[in-house]
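Observations on the three-dimensional arrangement
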Amino acid sequence: ELLVEGIEKLAPDVIALQEVHLSEGFIQPNPAEWLAEQFNYTQLALCPKTGRAASFEGLALLSRLPILENFCLDLQSQQRVAQIAAFSWENQKLVLANCHLFWQPGESPERLRQVERLLKHLDSIPGKPYLVVCGDFNGEPHTQAIQLMRQRFRSAHVEAHGVEPDYTCP
């Protein structure tokens, strides 16, 4: 109910979800499909995790904007992926990367490698699209992976509130 209330207030064009149950027999409809139905999102793109988890969990994007492309990037550890989707927004290409990074409290060499892999992929996209990266980074602001992201991207939380949140992880 709180999620529905928040989405109604914000009315976003795109919603990025992590840890979405994909299994047909587990939850009907899956949470992403249910949210899409509640708010009339016309576009739903799923990105399963890799390995054994691919049959039951992944990432999802709900969109009111047409999804031009949807790609799942294997982050090569913990069965994690990044979902990379392209949209046409205000006559410009918008690329959104929805990621769920390696979970480990504190510093994590694996999370840093995943961020490097994601950035390398984003750098390979032709043209100069607007880039947005969101998701579950599983890292605190002072860690190397998050600092690397901050060299390239601005924090939406900082832009909206002036500071990073006191607590997001673990």
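Strand order across the open sheet formed by 3 strands is β1-β3-β2, with antiparallel pairing between neighbours. The open sheet has two free edges, formed respectively by β1 (14-21) and β2 (43-48), since each of these has just one partner strand. Each adjacent strand pair in this sheet contributes to an overall mean axis angle of 20°, direction not counted. As paired strands, β2 and strand β3 (residues 57-63) are joined by 6 bridges and run antiparallel to one another. Within β3, the residue paired with Pro48 across the bridge is Gly58. The sheet contacts of helix α2 (residues 31-39) involve β1, β2 and β3, and relative to β1 the element is tilted by about 150°.

Position of Gln83 relative to the elements: it lies in strand β5 (residues 81-89). Taking the relative accessible area as the measure of exposure, Gln83 reaches 0% and is therefore buried. For Gln83, the side chain forms a polar contact with the side chain of Asn70, separated by 3.2 Å. Not counting the four nearest positions on each side in its chain, Gln83 is found in contact with Ala45, Leu46, Cys47, Leu59, Ala60, Leu61, Asn70, Phe71, Leu96, Ala97 and Asn98.

Both the distance between ring centres and the angle between the ring planes are used here to describe each pair of aromatic rings. For the coordinates displayed, the defined rule picks out 1 aromatic pair. When the centroid spacing of 5.8 Å and the interplanar angle of 75° are considered together, the rings of Trp89 and Tyr130 count as edge-to-face. One end of the pair, Trp89, is in strand β5; the other, Tyr130, is in strand β7 (residues 130-136), with 41 residues separating them in the sequence. According to the relative accessible area criterion, Trp89 is partly exposed, its value standing at 32%. Taking the relative accessible area as the measure of exposure, Tyr130 reaches 46% and is therefore partly exposed. Above the ring of Tyr41, the side-chain terminus of Arg64 is found at 4.2 Å from the ring centroid.

Calculation criteria
- Residues numbered from 1 in each chain as written.
- Predicted model: local features only at pLDDT ≥ 70, side-chain atom pairs only at ≥ 80, totals over all residues.
- Heavy atoms only, no water.
- Pairing = 2+ DSSP bridges.
- Helix = DSSP H or I, 4+ residues; strand = E, 2+ residues; numbered from the N terminus.
- Axes fitted to C-alpha atoms, helices over the stretch in contact; angles between N-to-C directions.
- Contact = heavy atoms within 4.5 Å.
- Buried < 20%, exposed > 50% of the residue type's maximum accessible area, 1.4 Å probe, protein only.
- Polar contact = N/O pair within 3.5 Å; in protein donor to acceptor, adjacent residues only side chain to side chain.
- Phe/Tyr/Trp six-rings, centres within 6.5 Å; stacked < 30°, edge-to-face > 60°.
- Lys NZ or Arg CZ within 6 Å of the ring centre and 35° of its normal.

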